[in-house]
2 protein chains.
Amino acid sequence: MSNLVGVPTVGMIGGGQLARMTHQAGIGLGVRFEVLAEGPDVSAAQVARYVTVGDYRDLRTLQDFAAGCDVVTFDHEHVPTEHLHRMVDAGVTVRPGPDALVYAQDKGAMRERLGALGVPCPRNRPVADVGDLDVAAKELGGWPLVLKTTRGGYDGKGVWVVDDAAAAEATGVFSAGIPVIAEERVDFARELSAIVARSPSGQAIAYPVVESVQRDGVCHEVIAPAPGLPEHLALQAQGIALQVAGELGVIGILAVELFETRDGRILVNELAMRPHNTGHWSIDGAVTSQFENHLRAVLDLPLGSPRPRAPWTVMVNILGGEYPDMHKGLLHCLARDPGLRVHLYGKEVRPGRKVGHVTAFGDDLDVVRERARHAAAYLTGEIDE
Amino acid sequence: MSNLVGVPTVGMIGGGQLARMTHQAGIGLGVRFEVLAEGPDVSAAQVARYVTVGDYRDLRTLQDFAAGCDVVTFDHEHVPTEHLHRMVDAGVTVRPGPDALVYAQDKGAMRERLGALGVPCPRNRPVADVGDLDVAAKELGGWPLVLKTTRGGYDGKGVWVVDDAAAAEATGVFSAGIPVIAEERVDFARELSAIVARSPSGQAIAYPVVESVQRDGVCHEVIAPAPGLPEHLALQAQGIALQVAGELGVIGILAVELFETRDGRILVNELAMRPHNTGHWSIDGAVTSQFENHLRAVLDLPLGSPRPRAPWTVMVNILGGEYPDMHKGLLHCLARDPGLRVHLYGKEVRPGRKVGHVTAFGDDLDVVRERARHAAAYLTGEIDE
């Protein structure tokens, strides 16, 4: 606890880049920020003062960490739901709470609940074993099917597109006895994301709906706002996110990943209850970033304006490539583009790993996108001119 | 040193709010940031990972601290100049270096040098003792005179306006044998500030010239850009700052505090070679903040755009008042103004102490200024509606 009057302590479980950027956003709010980190040198641990190294799967570790915090929140969704219930029972303020968070942790529970709420989703059903799949395929509109483990997947992991039962069996997921749901493969025009923040007092704000471009199942580029999105779809997407946040009792950031179908509908793909890669543009592109609004929400402080500060903001992820030295590339990128915003995560470069992102903003989408893409490609070593 | 490839280590001497905000700005650049702090819980030490507690007046402490850094820079100007020379002689990269920094440390040296460069300053001369004052008064245009200790003054400390020799003697500064300069009291219309950043390779950028409103010798409000400033004066002010930075070999931020006289001239009041209170608006109001550009400069990275992001940005300092609890007031201020930007420094509230600042930006100066003023007044307890 801080010895300054009135200063709250926020504990974040997980020390990745989301915790790193949340800490950065909280410095101005004057909060005391504690991290339960996977190791002494993970991304957030390099930049924050109060770091506890420990295993988020261990209840005792979680309880000891929470004892020093006014509120506990998350950098990821991997803390066991039953541990969170035990913490809540012991009086810890956990935001979002386990009753909400379970819908970001368990895709089966999420699909069932969203279905009950009438929220548009791809057709889906749980499948108990390979024998179920032909029935599932009939019900969901035929092969190919998308198989998803209900827990533990992220960034394309735990997700397979399979053409038939043999391919499904080859994933190994059924023989491992892991719970799986099957979904129709949606013929989408593009992916969108609607991010909202919601506080315990019920206040909520919605960021502009963005377009999210994936590469190999990993978010690669985000354009804010989504170009050419009809207003009714933007409003529907924001409405869905606000409805889901309210009905599920989410506190903090809720990111709703969406498909925009070729026939003009939107369908919910995934939920995340934490600052999200599709909201990183807001650090430089919005009046209040998603990281600051996450903190404000979990502290029940009034939420900040999500208004964009430029007509167009484009964020491109820096995915680890051939070159281990990010700093060398900075010389070129910063000299070429004095308006470029760079966010490095302090992570060792490994192929495909998210090690940072760049953001550009301005009046002309083509120019802004080219600036962000060039910088990201240069920093990863994809191009060298 | 970081074990990540290519990551430079920046050491900042002094752990106040300038170091705190520099650390915040450096997180995205991925630098390793080390602080030599006055105590374990000072402003910057609450939010940074690598904190050394030690006395900046002790050469050995400085040398040990510098041994782990690629470059050493400053949160304040109080490190003894001779220590800095010893560090440079020992191979430490000190930015700004002592040959430049001395002009921010010693007002006598500054006045002499600026005079030699032909930079417009108030008339001034060193005074050895009280007996010198009548001659000085004649030379400088008569009483009252402004007396300044050549070293150690800041925020109005070490500065007196005196009406006659008796009043000058009553300051006690002459009997203490402290070196003093006398200056004419300038009949100024307002105070301005011109901030530039300069890198070792000679690149420099200039922020828009701002108006700085003082209260009791302490910066209270900053308006960016300075309203109604004729373009030729704005260009002259930026030109002076760029000239001084170049001639003196400043690396990093140089803030030039200026008087705009009632007869339409500008005169240099003070120099600071570090991020400056009159540049705090740039965190939320410019594409690249003064803190990030200070880091880029001392690392010899290309400088970022100083372009403003809104027509008007107003920063108001939060000076400690009656209420020790800053966080209570946040509820009101953030609810009233979702676009308000708040920066608290984690400092215990004491009357008159700078404990934070607020920033507002927008299209209408009157509205923007009212928003920032209201929030600051509320947070300090000056108003409670």
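Note that this is a predicted model, so its numbers are computed, not measured.

1. With respect to the sheet that holds strand β7 (residues 159–162) of chain B
Residues and elements named next belong to chain B.
- Across the sheet, which stays open at both edges, the four strands sit in the order β5-β8-β6-β7 with antiparallel pairing between neighbours. Every other strand in the sheet has two partners, leaving β5 (124–127) and β7 as the edge strands with one partner each. Averaged over all adjacent pairs, the angle separating strand axes in this sheet is 25°, with direction ignored.
- Note: strand β6 (residues 145–149) against strand β8 (residues 180–184), five bridges, orientation antiparallel. Within β8, the position partnered with Lys148 by the bridge is Ile181.
- Where helix α5 (residues 107–117) meets the sheet, its contacts fall on β5, β6 and β8, and the angle it forms with β8 comes to roughly 50°.
- Contacting β5, β6 and β8, helix α6 (residues 133–140) runs over the sheet at an angle of about 175° to β5.

2. Focus on the packing of α5 of chain B against helix α8 (residues 231–248) of chain B
All names here are of chain B.
- At a minimum axis separation of 11 Å, α5 and α8 run at an interaxial angle of 110°. Relative to α8, the element α5 is oriented roughly perpendicular. Where α5 approaches α8, its residues Arg113, Leu114 and Leu117 are matched on the opposing element by Gln243, Val244, Glu247 and Leu248.
- A per-class count over the contact of α5 with α8 returns four nonpolar, one polar and two charged.

3. Details of the packing of helix α11 (residues 326–336) of chain B against helix α12 (residues 365–380) of chain B
Residues and elements named next belong to chain B.
- At a minimum axis distance of 9 Å, the contact between α11 and α12 shows a crossing angle of 155°. As summarised for this structure, α11 and α12 are arranged roughly antiparallel, according to the angle between their axes. Of the two possible hands of crossing, α11 and α12 adopt the one that is right-handed. Side by side, α11 and α12 meet where Met326, Gly329, Leu330, His332, Cys333 and Arg336 of the first sit next to Glu370, His374, Ala375, Tyr378 and Leu379 of the second.
- Class assignment of the residues belonging to the contact of α11 with α12 gives a composition of six nonpolar, three polar and two charged.

4. With respect to the domain arrangement of chain A
- Taken domain by domain, chain A holds domain 1 (9–94), domain 2 (123–184) and domain 3 (188–380).
- Using C-alpha coordinates to define each centre, domain 2 of chain A is positioned 29 Å away from domain 3 of chain A.

5. Quick look at the sheet that holds strand β4 (residues 71–74) of chain A
Residues and elements named next belong to chain A.
- Here we have four strands laid out as an open sheet, ordered β3-β2-β1-β4, and parallel in their pairing. Two strands lie at the open edges of the sheet, namely β3 (50–53) and β4, each paired on one side alone. Averaged over all pairs of adjacent strands, the angle between strand axes in this sheet comes to 25°, irrespective of strand direction.
- Here strand β1 (residues 9–13) runs beside strand β2 (residues 32–37); their pairing, made up of five bridges, is parallel. Looking at β2, one finds that Gly11 is bridged to Glu34.
- Contacts from helix α2 (residues 59–67) reach β1, β2, β3 and β4 within the one sheet, and its direction differs from that of β2 by about 170°.
- Against the sheet, helix α10 (residues 290–298) makes contact with β1 and β4, and its axis sits at roughly 145° relative to β4, the strand it touches most.

6. With respect to empty space enclosed by the protein
- In the structure shown here, the tally under the stated rule is four cavities of 30 Å³ or more.
- Ile283 and Asp284 of chain A together with Gln24, Ile283 and Asp284 of chain B are, among the 37 residues lining the largest cavity, the residues nearest its centre.
- Classifying every residue of the lining of the largest cavity by side-chain character gives 17 nonpolar, 12 polar and eight charged.

7. Looking at the pairing of strand β16 (residues 341–344) of chain B
Residue and element names in this part refer to chain B.
- Going residue by residue along β16, you find Arg341 and His343 tucked away on one face and Val342 and Leu344 tucked away on the opposite face as well.
- Sheet analysis places β16 next to strand β17 (residues 354–362), joined by four bridges and oriented antiparallel. Its bridge partner lying in β17, His343 is registered against His357.

Each value, and the rule that gives it
Residues numbered from 1 in each chain as written. Chains lettered and ligands numbered in written order. Predicted model: local features only at pLDDT ≥ 70, side-chain atom pairs only at ≥ 80, totals over all residues. Heavy atoms only, no water. Pairing = 2+ DSSP bridges. Helix = DSSP H or I, 4+ residues; strand = E, 2+ residues; numbered from the N terminus. Axes fitted to C-alpha atoms, helices over the stretch in contact; angles between N-to-C directions. Contact = heavy atoms within 4.5 Å. Parallel < 35°, antiparallel > 145°, perpendicular 65-115°, else oblique. Nonpolar A, V, L, I, M, F, W, Y, C, P; charged D, E, K, R; others polar. Left-handed = near helix turned anticlockwise from the far one by under 90°. Domains from an automatic or database assignment. 1 Å grid on protein atoms, 1.4 Å probe; cavity = no way out; pocket = protein on both sides within 12 Å on 5 of 7 lines; lining within 4 Å. Points joined across faces, edges and corners; volume = space filled by probe spheres on them. Buried < 20%, exposed > 50% of the residue type's maximum accessible area, 1.4 Å probe, protein only.

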